[in-house]
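Summary of structural features
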Amino acid sequence: MARLILLAASPRVPAGLLSRDAWRALDAAERVHAADVTEPLPLALADDGIDVTALPEEGASARARALVTAARDADTIWIGSADGDPGLSDAVAAEVSRLDEAPEVEVLVGSWDVEGGRLLDAVTVMDRLRSPGGCAWVAAQDHATLAPFVLEEAQEVHEAIEAVVADPDDPQLREDLTDELGDLLFQVLFNARVAADHADAPFDVDDVAAALVDKLVRRNPHVFGDATAETLEEIEAQWQAIKAAERAGVEFP
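Per chain, residue numbering runs from 1 following the sequence as it is written. In view of the model being predicted, local features appear only for residues whose pLDDT reaches at least 70, and side-chain atom pairs are presented and counted only at 80 or more, with totals across whole chains, interfaces and linings using the full set of residues. Heavy atoms from the whole structure form the basis of all side-chain values; hydrogens and water molecules are not counted.

**A closer look at the overall build of the protein chain**
This is how the line gets drawn: A run of H or I in DSSP becomes a helix once it reaches four residues, and a run of E becomes a strand once it reaches two; helices and strands are each numbered from the N terminus. Using C-alpha atoms as the atom set, the radius of gyration is obtained and then compared with a globule rule of 2.2 Å times the number of residues to the power 0.38. The buried label goes to any residue with under 20% of its type's maximum accessible area, the exposed label to any with over 50%, and the partly exposed label to all in between, with areas taken from a 1.4 Å probe on protein chains only. Whether two residues are in contact is decided by their heavy atoms, any of which lying within 4.5 Å being enough. Accessible surface is estimated by sampling points in the Shrake-Rupley manner with a 1.4 Å probe; for residues, cover comes only from the protein chains shown. In this tally, Lys and Arg are treated as positive and Asp and Glu as negative; His is ignored, and so are the chain termini. Lys charges are placed at NZ, Arg charges at CZ, Asp charges at CG and Glu charges at CD.
Within the protein chain, the regular secondary structure consists of 11 helices and 5 strands. In summary, the protein chain has a C-alpha radius of gyration of 25 Å against a globular reference of 18 Å for 253 residues, an excess of more than 25%. The buried share among the 253 residues of the protein chain stands at 30%. The contacts of the protein chain with a sequence gap of at least 6 include a subset with a gap of at least 24, amounting to 64%. Entry remark: accessible area of the protein chain is about 15700 Å², with carbon and sulfur atoms responsible for 55%. In the protein chain, the 19 positive side-chain charges and the 51 negative ones have mean positions that sit 4 Å from each other.

**Here's the deal with the sheet that holds strand β1 (residues 3–8)**
Paired through their backbone hydrogen bonds, the strands of a sheet run either parallel or antiparallel. Short version of the rule: Paired strands, as defined in this entry, are two strands with at least two bridges between them according to DSSP.
One open sheet holds the 5 strands; their spatial order is β3-β2-β4-β1-β5, and the pairing between them is parallel. Each edge of the sheet is formed by a strand with only one pairing partner; in this case those strands are β3 (53–54) and β5 (104–109). Sheet analysis places strand β2 (residues 31–34) next to β3, joined by 2 bridges and oriented parallel. Residue pairing in the sheet places Ala34 in a bridge with Ala54 of β3.

**Brief notes about the pattern of salt bridges**
This is how it is decided: What makes a salt bridge here is a side-chain nitrogen of Lys or Arg within 4 Å of a carboxyl oxygen of Asp or Glu, nothing more.
Inspection of every chain in the model, using the stated rule, returns 12 salt bridges. Between Asp113 and Arg12 there is a salt bridge; the shortest N-O distance is 2.6 Å. Here Asp113 is found in the loop between β5 and α5 (117–130), whereas its partner Arg12 is found in the loop between β1 and α1 (20–28), with 101 residues between them in sequence. Where salt bridges share partners, they join Arg12, Asp113, Arg118 and Asp121 into one cluster.

**Focus on the packing of aromatic side chains**
What describes a pair of aromatic rings is the distance from one ring centre to the other and the angle between the planes of the rings. Selection rule: Stacked, tilted and edge-to-face are the three classes applied to pairs of Phe, Tyr and Trp rings, where Trp contributes its six-membered ring and a pair requires centres within 6.5 Å; stacked means planes under 30 degrees apart, edge-to-face means over 60, and tilted covers the rest.
Scanning all chains against the criterion turns up 3 aromatic pairs. Aromatic ring contacts, followed pair by pair, group Trp137, Phe149, Phe186 and Phe190 into a single cluster.

**Remarks on the pairing of β2**
Summarising the sheet, β2 and strand β4 (residues 76–79) pair through 4 bridges and their orientation is parallel. Each residue of the ladder has a partner; that of His33, found in β4, is Trp78.

**Points about the confidence of the model for the protein chain**
Our working definition: Each residue carries a pLDDT score, the predictor's own confidence in it, on a scale running from 0 to 100.
Considering every residue of the protein chain, the mean pLDDT works out to 93; 100% of them sit at 70 or more. Mean pLDDT across the elements of the protein chain bottoms out in helix α11 (residues 232–248) (92) and peaks in helix α7 (residues 143–166) (98).

**Looking at helix α9 (residues 205–218)**
Two residues of an α-helix separated by three or four positions point the same way, owing to the 3.6 residues in each turn. Selection rule: Expected span, for any helix, means 1.5 Å times one less than how many residues it has. Under this definition, polar contacts are N or O atom pairs within 3.5 Å; protein pairs additionally need one hydrogen-donor-capable and one acceptor-capable atom, and for neighbouring residues in sequence, both atoms have to be side-chain atoms.
Relative to the 20 Å expected for 14 residues at 1.5 Å per residue, α9 spans 20 Å between its end C-alpha atoms, a close match to the ideal helical length. At the N-terminal end of α9, a side-chain oxygen is found 3.1 Å from the backbone nitrogen of Asp206, two or three residues along, and the residue is Asp204.

**A word on the pairing of β1**
Relative to β5, β1 is paired through 6 bridges, and the arrangement is parallel. Opposite Ile5, over in β5, you have Glu106 as the bridge partner. Of the strand pairs in this sheet, β1 and β4 are connected by 4 bridges, and their pairing is parallel. Each residue of the ladder has a partner; that of Ile5, found in β4, is Ile77.

**Focus: a nonpolar patch on the surface**
Rules: Grouping into patches uses exposed residues only, defined as over 30% relative accessible area, and leaves out salt-bridged ones; the cut-off is 9 Å for like charges and 5 Å for nonpolar side chains (Val, Leu, Ile, Met, Phe, Trp, Tyr).
Taken together, the side chains of Leu119, Leu185, Val188, Phe203 and Val208 present a nonpolar region at the surface, about 390 Å² in accessible area. For Leu185, the location among the structural elements is in helix α8 (residues 171–196).

**Observations regarding helix α4 (residues 88–97)**
The condition is simple: To be clear, the arc concerns the directions from the helix axis to the C-beta atoms.
For α4, the set of buried residues is Leu88, Ala91, Val92 and Glu95. Buried residues of α4, viewed axially, fall in a sector of 100°; they line one side. In this structure, α4 carries Asp90 and Ser97 as exposed residues pointing more than 90 degrees from its buried face. Against β1, α3 (60–70), β4 and β5 lie the buried residues of α4.

**Notes on the nonpolar core**
Selection rule: Definition of nonpolar core: a set of buried residues of the types Ala, Val, Leu, Ile, Met, Phe, Trp, Tyr and Cys, connected through side-chain atoms within 4.5 Å.
Leu7, Leu26, Val32, Leu45, Ile77 and Ile79 are the most contacted members of the largest nonpolar core, which totals 16 residues. Taken together, the elements giving at least two residues each to this core come down to β1, α1, β2, α2 (40–47) and β4. In terms of residue count, the dominant contributor to this core is α1 (3 residues). Once you skip the residues sitting within four places of it in the chain, Leu7 turns out to touch Ala22, Leu26, Ile77, Trp78, Ile79, Gly80, Leu108 and Gly110.

Structure below.
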């Protein structure tokens, strides 16, 4: 009896960046299937000479039955879809449990989300809302109309932080802070996306992130450079001195 491998990979890392075990399994498999062979990972595998064929069955139960049937006489790999294939693993388990002789089933993680990977999802959602065919209200906004929301969301974050400080172990308050921080992040993404549409001086969320990284590195030379600042007072004084130098247009010593 052959094996059925359900290969799970993060859609937030470049397609093809898979673990060694995943590549070994792919090289050894006799059949490799995917729901959509035009998704990034199947395309990347095809570029590397791995034949990925579409499985026409729709629905978790029908797809599971087709995969288990294929794996009864040939090592088979299912390339997980970007949506995570809702219900497929349960359907495969149900299909296997009804058979007297069933293939071995393995879930193989081929890649993992990097820290901050969900930020990429947030950028993608923001772009979809702002693009043609998205949300008409979002498309109609500009910096002027968004400015009041930035103040409102910042105030709500402040109130949520105060509540958590007063009772740091209350899970509901911490959940509220998570939600409010997300609303404020949305305003950052929203204004950056609006700025990207400017005809003469556009910038985007990558420019915003790059400016932040540059500032953090520049203002923390005790971490990223050769400066020495050990106490909180020394670190604060150094930050203020660097900030003053930036405003004066001179280089910090």
